[in-house]
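Residue-level listing of the chains:
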Amino acid sequence: MSGSHDRHGPLVRHEQVHFADNSPWKKAPMLFGAIGVISLGVAFALKGPDASKFWSSYLTAVMWGLSIGLGGLFFTLVQHAVRAGWSIVVRRIAENLMLTLPVVALLILPVVFLGAHDLFHWTHAEAMAHDEVLQAKQAYLNEGSFRIRAIVYLALWSLLSLTFWSWSTKQDTAADPAPYAHKMRYWSTVGLLVFALTLTFAAFDWLMSLDPHWFSTIFGVYYFAGCFSIVASSIALTVILLHRSGYLRGVVTTEHFHDLGKVMFAFSVFWGYIGFSQFFLIWYASIPEETFWFSYRGQGDWLTLSILLIFVRFALPFVGLMSRKIKRNPRTLGFWCVWIIVAEFLDMYWLVQPALAQRTGSEHIRPDVLDLTTLVGVAGILVAVFTWGLQRHALVPMRDPRLEESLNHENS
Amino acid sequence: MAKRPKHYGLLAEYETAADLYHACEKVRDAGYGAWDAHTPFPVHGLEKAMGLRSSIIPYIVCVMGFSGAGLGFLLQYWSSTIAYPLIISAKPYNSYPAFVPVTFELGILLGAFGAVFGMLAINKLPQLHHSLFNSHRFSKFSDDRFFISIESRDPKYDAERTRKLLESTGAAAVEEVEE
């Protein structure tokens, strides 16, 4: 069917996919960037004498932000790899979400180079000296290789996201779109392999090693499950907001909402599946060096949070997103988008904060203003980069060979 | 005079999916209930053109799935706390986390049974013979032709008027099919 649009005019009109000069979206990068920087500044000023509180809040927020960027990268790569047709009209939004990765990389560097001593118990030489388990893990858990690994992950993510973003945007104006399509498809498979390994080890380094005695081989998959559900939610939420401002109407349709809703549903279930698998094997084997990680999450306030997480992250979205009508209605879908984005933060909180609280023997959740300011800071900066990316180019890959297929996509 | 065979209904043949699609819209708007479209491949949006309501299969699957999960759990609860109360790896009799995999799998199994057998039942399958196979022309429904059949049991059915309706929809041929 190629070339048929030449007879009937363009597939997508210019004003559907480019912001008008007076659009509020044009002001978003400055506004959210300012909110983000000020909020992070306030958080840093409120740091106080015990820096570990600040760093744990900061790590929670940054790992939440990272899950959106990594989700965007995965979404882009996997759609190329499987030659998906339906997702072309929302791929540019995923590409702009993955464009936040180089900036998230800059936000993670302080964790690795400044906050490591306050967060990661194994970085203390005296702790290492009295701990045979840590000594056995020293070949992996030492600050030198921890820093090198962090730089490798962040560099690879930035490279992948910038490369795929620039190929895709160059395709918009290229004389021949085919070479870009082939190139992106070819390299997406390599990218997926790199993605899987770096994500897994990054989750080990920055989240699992908060409790250096504990280990779980499924931990990377657990973090990944959150990445994919939050990115589908972010894409759908962005489209809902763009529709309200009058963009992408008739381009991204109910059919695409339905499919994004299916991804949100599926990966909420997948999260439950992986989360339970992790718990189940440890509970069943009942080996103390593994069970303690769940044990202190099962005491005091943390037990309440753990049970809440099962409902917020799995049970309620499972029931709530099951119906076809809910997935096809932008209002109800939008509600679950916000829900899942918040649930991912709750999940990060559950991963990070109990590990640090149990060092002081605290069974209490102490919400802190730092939790809020770091979250607003990271979110503000991410939204600024994302909306900056959105206005640089068209909101859909204009010359993707499968654009017409995606525009006409229907769920049967 | 020989007994006249009863009529199953009318069968209309179309050459393209587009012809069929628009014909379906007309039959739908004429208010028929007992009719169907037959195509060699899935035609997108045909359910809208036919005015089909959504299937009740999801509800069957839901009921079957939750029953399967519930029964699966009860089976394990009964066998490990009542029938054979054994202590295994120092865990309580009712070790419900250990019951989750079987509960989950039985939920899936009965849900899938509900989907497959529910679909067969709603379609009245298996059926050894269907009246439409009395039409020689109809064999092309799995090759390169598109058909609409309207059954004589439909209250709106009238041999003359229904035939006129089908002819007005651009059918390549309209024939009566015997019971």
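Residues numbered from 1 in each chain as written. Chains lettered and ligands numbered in written order. Predicted model: local features only at pLDDT ≥ 70, side-chain atom pairs only at ≥ 80, totals over all residues. Heavy atoms only, no water.

Focus: the overall build of chain A
Filter applied, for reference: Here a helix means four or more residues in a row that DSSP labels H or I, a strand means two or more in a row labelled E, and each is numbered from the N terminus. Both definitions apply: the radius of gyration is a C-alpha atom measure, and the globule rule equals 2.2 Å times residues to the power 0.38. For this analysis, residues touch if any pair of their heavy atoms sits within 4.5 Å. Only the protein chains shown count as cover for residues, and the accessible areas themselves come from Shrake-Rupley with a 1.4 Å probe. By the counting rule applied here, Lys and Arg register as positive and Asp and Glu as negative, while His and the ends of each chain are not counted. Positions of charges follow a simple convention, taking NZ of Lys, CZ of Arg, CG of Asp or CD of Glu.
Helix and strand counts for chain A come out as 19 helices and 0 strands. What you see for chain A is a C-alpha radius of gyration of 22 Å, in line with the 22 Å of a compact globule of 412 residues. Overall size of chain A, expressed as C-alpha extent along the three principal axes, is 75 × 40 × 40 Å. Nonlocal contacts in chain A, meaning residues at least 24 apart in sequence, comprise 83% of its contacts between residues at least 6 apart. In the structure as shown, chain A presents an accessible area of about 17500 Å², 67% of it carried by carbon and sulfur atoms. Across chain A, the mean location of the 30 positive side-chain charges is 10 Å away from that of the 28 negative side-chain charges.

Considering the interface of chain A and chain B
Selection criterion: Two parts lose some accessible area (1.4 Å probe) when they are put together, and adding that loss for both gives the buried area. Whenever Lys or Arg places a side-chain nitrogen within 4 Å of a carboxyl oxygen from Asp or Glu, that contact is recorded as a salt bridge. The term polar contact refers here to a pair of N or O atoms within 3.5 Å; inside protein, the definition further demands a hydrogen-donor-capable atom paired with an acceptor-capable atom, and it admits residues adjacent in sequence only when both atoms are side-chain atoms.
Counting from both sides, the interface comprises 9 residues of chain A and, opposite them, 10 residues of chain B. Surface buried jointly by chain A and chain B totals about 950 Å² across both partners, of which 71% is contributed by carbon and sulfur atoms. For the pair chain A and chain B, the interface holds 1 salt bridge. Two residues, Glu410 of chain A and Lys48 of chain B, come together in a salt bridge whose shortest N-O distance is 3.7 Å. Inspection of the chain A/chain B interface yields 2 residue pairs in polar contact (both at pLDDT 80 or more).

Some details on the packing of helix α12 (residues 219-244) of chain A against helix α13 (residues 254-285) of chain A
Residues and elements named next belong to chain A. What counts, and what does not: For every element, the axis is a line fit to its C-alpha atoms; helices are fit only across the contacting stretch, and the angle between N-to-C directions ranges from 0 to 180 degrees. Note on terminology: angles under 35 degrees are roughly parallel, angles over 145 are roughly antiparallel, angles of 65 to 115 are roughly perpendicular, and the others are oblique. Working rule for handedness: look at the near helix, and if it is turned counterclockwise from the far one by less than a right angle, call the crossing left-handed; if clockwise, right-handed. In this classification, the charged set is Asp, Glu, Lys and Arg, the nonpolar set is Ala, Val, Leu, Ile, Met, Phe, Trp, Tyr, Cys and Pro, and all remaining amino acids, among them Gly, are polar.
Two numbers describe how α12 lies on α13: the axes approach to 9 Å, and their chain directions differ by 160°. With respect to α13, the element α12 is oriented roughly antiparallel. Crossing angle aside, the handedness with which α12 passes α13 is left-handed. Its residues assigned to classes, the contact of α12 with α13 shows 19 nonpolar, 6 polar and no charged.

Details of the sheet that holds strand β2 (residues 35-38) of chain B
Residue and element names in this part refer to chain B. Here is the rule: The criterion for strand pairing is that DSSP finds at least two bridges linking the strands in question.
If you trace the 4 strands from one edge of the open sheet to the other, you get β2-β3-β1-β4, paired in antiparallel fashion. Each of the sheet's edge strands pairs with one partner strand only, and the pair in question is β2 and β4 (173-178). The average angle at which neighbouring strand axes cross in this sheet is 20°, direction not considered. Across 4 bridges, β2 lies against strand β3 (residues 146-151) in antiparallel orientation. Following the sheet pairing, His38 is matched in β3 by Phe147. Across the sheet, helix α1 (residues 17-29) touches β1 (7-14), β2 and β3, and the angle it forms with β3 is around 20°.

Notes on the side chain of Lys91 of chain B
We count it as follows: Burial classes follow relative accessibility: with a 1.4 Å probe on protein chains only, a residue under 20% of its type's maximum area counts as buried, one over 50% as exposed, and anything between as partly exposed.
Relative to the elements of secondary structure, Lys91 of chain B occurs in the loop between α3 (57-83) and α4 (96-122). For the buried residue Lys91 of chain B, which engages in no salt bridge, the nearest side chain bearing the opposite charge is Glu290 of chain A, 10 Å off. Setting aside its immediate chain neighbours within four residues, Lys91 of chain B contacts Trp283, Tyr284 and Ser286 of chain A.

Regarding the confidence of the model for chain A
The test is simple: The predictor rates its confidence in each residue with pLDDT, a number between 0 and 100.
The predicted model of chain A averages 94 in pLDDT, with 98% of residues at 70 or higher. Counted against residues more than four places away or in other chains, residues 1-7 of chain A, with its pLDDT under 50, gives 5 contacts.

Digging into the pattern of salt bridges
Residue and element names in this part refer to chain B. Under the definition given, this model contains 22 salt bridges over all chains. A salt bridge links Arg28 to Asp29, with the shortest nitrogen-to-oxygen separation between them at 3.0 Å. Arg28 sits in the partly exposed class, given a relative accessible area of 30%. The salt bridge partner of Asp144 is Arg145, with a shortest N-O separation of 3.7 Å.

As for the nonpolar core
Put simply, the rule is: Nine residue types can take part in a nonpolar core, namely buried Ala, Val, Leu, Ile, Met, Phe, Trp, Tyr and Cys, and a core is a set of them joined through side-chain atoms within 4.5 Å.
Ranked by internal contacts, the top residues of the largest apolar core, which has 136 residues, are Leu66, Trp157, Trp206, Tyr223 and Ile235 of chain A. At 18 residues, the largest contribution of residues to this core is made by helix α4 (residues 51-81) of chain A. Filtering out sequence-adjacent residues up to four positions away, Tyr223 of chain A remains in contact with Met63, Leu66, Ser67, Leu70, Leu199, Ala203, Leu207, Glu344 and Met348 of chain A. Ranked by size, the runner-up nonpolar core spans 22 residues in total, among them Tyr32, Trp35, Leu46 and Ala171 of chain B.

Overview of the environment of Val89 of chain A
All names here are of chain A. When you line up the elements, Val89 lands in helix α5 (residues 88-98). What makes Val89 buried here is its relative accessible area of 0%. Each C-alpha atom, one on Val89 and one on Met264, is 18 Å from the other, the two residues being 175 residues apart in sequence.

So, the packing of α5 of chain A against α12 of chain A
Residue and element names in this part refer to chain A. Remark: α5 packs on α12, axes separated minimally by 10 Å, with the N-to-C direction vectors making an angle of 115°. Relative to α12, the crossing made by α5 is right-handed. Contacts from Val90, Ile93, Ala94 and Leu97 in α5 reach Val231, Ser234, Ile235, Thr238, Val239 and Leu242 in α12. Class assignment for the residues of the contact of α5 with α12 results in 8 nonpolar, 2 polar and no charged.

Quick word on the packing of aromatic side chains
Which entries qualify depends on this criterion: Stacked, edge-to-face and tilted labels apply to pairs of Phe, Tyr and Trp rings (six-membered ring for Trp) whose centres lie within 6.5 Å, assigned for plane angles under 30 degrees, over 60, and everything in between, in that order. Charge-over-ring placement is defined geometrically: NZ (Lys) or CZ (Arg) within 6 Å of the ring centre, and within 35 degrees of the ring normal.
Applying the stated rule across the entire model yields 55 aromatic pairs over all chains. Plain terms: the ring middles of Phe228 of chain A and Phe267 of chain A are 4.5 Å apart, the flat faces sit at 70° to each other, and that makes the pair edge-to-face. One end of the pair, Phe228 of chain A, is in helix α12; the other, Phe267 of chain A, is in helix α13, and 39 residues separate them in sequence. For the pair shown, Phe228 of chain A and Phe267 of chain A are each scored as buried. Put simply, the rings of Trp214, Phe219, Tyr222, Trp271, Phe276, Phe279, Phe280, Trp283, Tyr284, Trp293, Phe294 and Trp350 of chain A pair up and form one aromatic cluster. Over the ring of Phe265 of chain A we find Lys327 of chain A; its NZ or CZ atom is 5.3 Å from the centre of that ring. When the ring centre of Trp283 of chain A is taken as reference, the NZ or CZ atom of Lys91 of chain B above it lies at 4.8 Å.

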